Amino acid sequence: MSTDRKKIIIAVDGFSSCGKSTFAKAIAARLGYIFIDTGAMYRAVTLYALENGAIRSGMIDEDAVVRLLPDISIAFRFNPERGASDIYVNGDRVEGKIRTIEVSNCVSGVSAIAAVRQKLVALQQEMGRRKGVVMDGRDIGTTVFPEAEIKLYMTADAKVRAQRRYDELTAKGDRVTFDEILENVISRDHADMNRAVSPLRQAEDAIVLDNSHLTVEEQMSWFMELYHRVTNA
Ligand code: DC
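Peer 1: Can you help me understand the overall build of the protein in this one?
Peer 2: Per the secondary structure count, the protein includes nine helices and 10 strands. A compact globule built from 233 residues should have a C-alpha radius of gyration of about 17 Å, and the protein, at 17 Å, falls within 12% of that. For the protein, the spread of C-alpha atoms along the principal axes amounts to about 55 × 40 × 35 Å. Considering the protein as a whole, with its 233 residues, one finds that 49% of them fall into the buried category. When contacts within the protein are restricted to residue pairs at least 6 apart in sequence, long-range pairs at least 24 apart make up 73% of them. Entry remark: accessible area of the protein is about 11500 Å², with carbon and sulfur atoms responsible for 49%.

Spelled out as structure tokens, the structure:
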């Protein structure tokens, strides 16, 4: 389907755990586009900082994180078993390690460091240079690709989002409580919206999608209409 239309950039921004990745992944599969989860990139840097002593007992040593940056090389590789791309740091697949509560608790702090954002934004811009990408994050429509042809701003009720993440983690066997997850969701919303560099905010030309009570199929048919309009069916 994508071959007979011009390729575009689709930016999917919004709050944590509101189904951005699931939806962005579904759009990419439908259009034959590349899906890029930029949150995974901030998580990968956070994991590397945890494993290399730049975060101790939840305290982030910002200078130490910045010193580690030149040593971090991030790449995505398609995993046919999952039907999705896995993230690699310096050649190691870290997909399974970046979604723990420990990483979640530190990632907002790491993603607020200007040098971290500078490095990852440049990498994201390079990944989207040839278009045909669906990129999900917090600042894609505002900072990474302000010229993106479609910008979605996704949101959902905090409790609905916490329940989704709780179900995801407990299904994997993680021992977490719902309250702990809800607290993490609320505190990350606050940190993401209030950081000095590239805070989460709705781009002026973004379209809001509140998916608290929508299935992925319902969101998809809404999106396809929009896509056909924008690409001038
Ligand atoms: O989408 P996620 O919950 O996996 O993202 C993890 C964290 O990374 C989130 O708390 C905010 C940060 N992030 C960001 O600052 N900018 C992005 N483009 C994507 C994520």
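Peer 1: How should the sheet that holds strand 2 (residues 34-37) be read in this particular structure?
Peer 2: Either a parallel or an antiparallel arrangement is found when strands of a sheet pair, and the pairing is made through backbone hydrogen bonds. Judged by pairing direction, the sheet is parallel, and its five strands sit side by side in the order 2-8-1-9-10 without closing on themselves. Every other strand in the sheet has two partners, leaving strand 2 and strand 10 (207-210) as the edge strands with one partner each. Here the strands of the sheet are splayed against their neighbours by 20° on average, with no regard to which way each runs. Here strand 2 pairs with strand 8 (residues 133-137) via four bridges, running parallel. Paired with Phe-35 across the strands is Val-134, a residue of strand 8. Contacts from helix 2 (residues 38-51) reach strand 2 and strand 8 within the one sheet, and its direction differs from that of strand 2 by about 40°. Across the sheet, helix 9 (residues 216-230) lies against strand 1 (9-14), strand 9 (150-155) and strand 10, angled at about 160° from strand 9, the strand it touches most.

Peer 1: It is not clear to me how the side chain of Arg-43 should be interpreted in this structure. Could you clarify?
Peer 2: Within the secondary structure, Arg-43 sits in helix 2. Summary of buried charges: Arg-43 has no salt-bridge partner, and the nearest side chain of opposite charge, Asp-37, is 6.5 Å away. A polar contact of 3.0 Å, which involves the side chain of Arg-43, links it to the backbone oxygen of Ile-98.

Peer 1: Just to check I follow, could you spell out the sheet that holds strand 6 (residues 84-89) for this structure?
Peer 2: Strand order in the open sheet made by the three strands is 5-6-7, with antiparallel pairing throughout. At either margin of the open sheet sits one strand with a lone partner, and together these are strand 5 (74-79) and strand 7 (92-93).

Peer 1: What am I meant to see in the layout of surface pockets here?
Peer 2: One water molecule sets the probe size; rolling that probe over the atoms shows where empty space is left. Considered as a void within the structure, the largest pocket measures approximately 940 Å³ in volume. Ser-21, Asp-37, Arg-99, Arg-165 and Glu-168 are the residues nearest the centre of the largest pocket, which is lined by 44 residues in total. Across the lining of the largest pocket, the residue classes tally to 12 nonpolar, 14 polar and 18 charged.

Peer 1: Sorry, what's going on with the site of the ligand here?
Peer 2: Close to the ligand lie 16 residues; Arg-43, Arg-117, Asp-139, Arg-188 and Arg-195 are nearest. The contact in question runs from a nitrogen atom of the ligand to an N or O atom on the side chain of Thr-38, over 3.0 Å. One nitrogen or oxygen atom from the side chain of Arg-117 is found 2.8 Å from an oxygen atom belonging to the ligand. When the ligand is considered free in solution it has 440 Å² of accessible area, and contact with the protein chains removes 98% of it. For the shell around the ligand, the element with the most residues is helix 2, which contributes four residues. The residue inventory of the shell around the ligand, partitioned by class, reads two nonpolar, six polar and eight charged.

Reading guide: rules and limits
- Residues numbered from 1 in each chain as written.
- Predicted model: local features only at pLDDT ≥ 70, side-chain atom pairs only at ≥ 80, totals over all residues.
- Heavy atoms only, no water.
- Helix = DSSP H or I, 4+ residues; strand = E, 2+ residues; numbered from the N terminus.
- Rg over C-alpha atoms; globule rule 2.2 N^0.38 Å.
- Buried < 20%, exposed > 50% of the residue type's maximum accessible area, 1.4 Å probe, protein only.
- Contact = heavy atoms within 4.5 Å.
- Areas by Shrake-Rupley, 256 points an atom, 1.4 Å probe, with all protein chains shown as cover.
- Pairing = 2+ DSSP bridges.
- Axes fitted to C-alpha atoms, helices over the stretch in contact; angles between N-to-C directions.
- Lys, Arg positive; Asp, Glu negative; His and termini not counted.
- Salt bridge = Lys/Arg side-chain N within 4 Å of Asp/Glu carboxyl O.
- Polar contact = N/O pair within 3.5 Å; in protein donor to acceptor, adjacent residues only side chain to side chain.
- 1 Å grid on protein atoms, 1.4 Å probe; cavity = no way out; pocket = protein on both sides within 12 Å on 5 of 7 lines; lining within 4 Å.
- Points joined across faces, edges and corners; volume = space filled by probe spheres on them.
- Nonpolar A, V, L, I, M, F, W, Y, C, P; charged D, E, K, R; others polar.
- Near = heavy atom within 4 Å.

In short, shape yes, function no, at least from these values alone.
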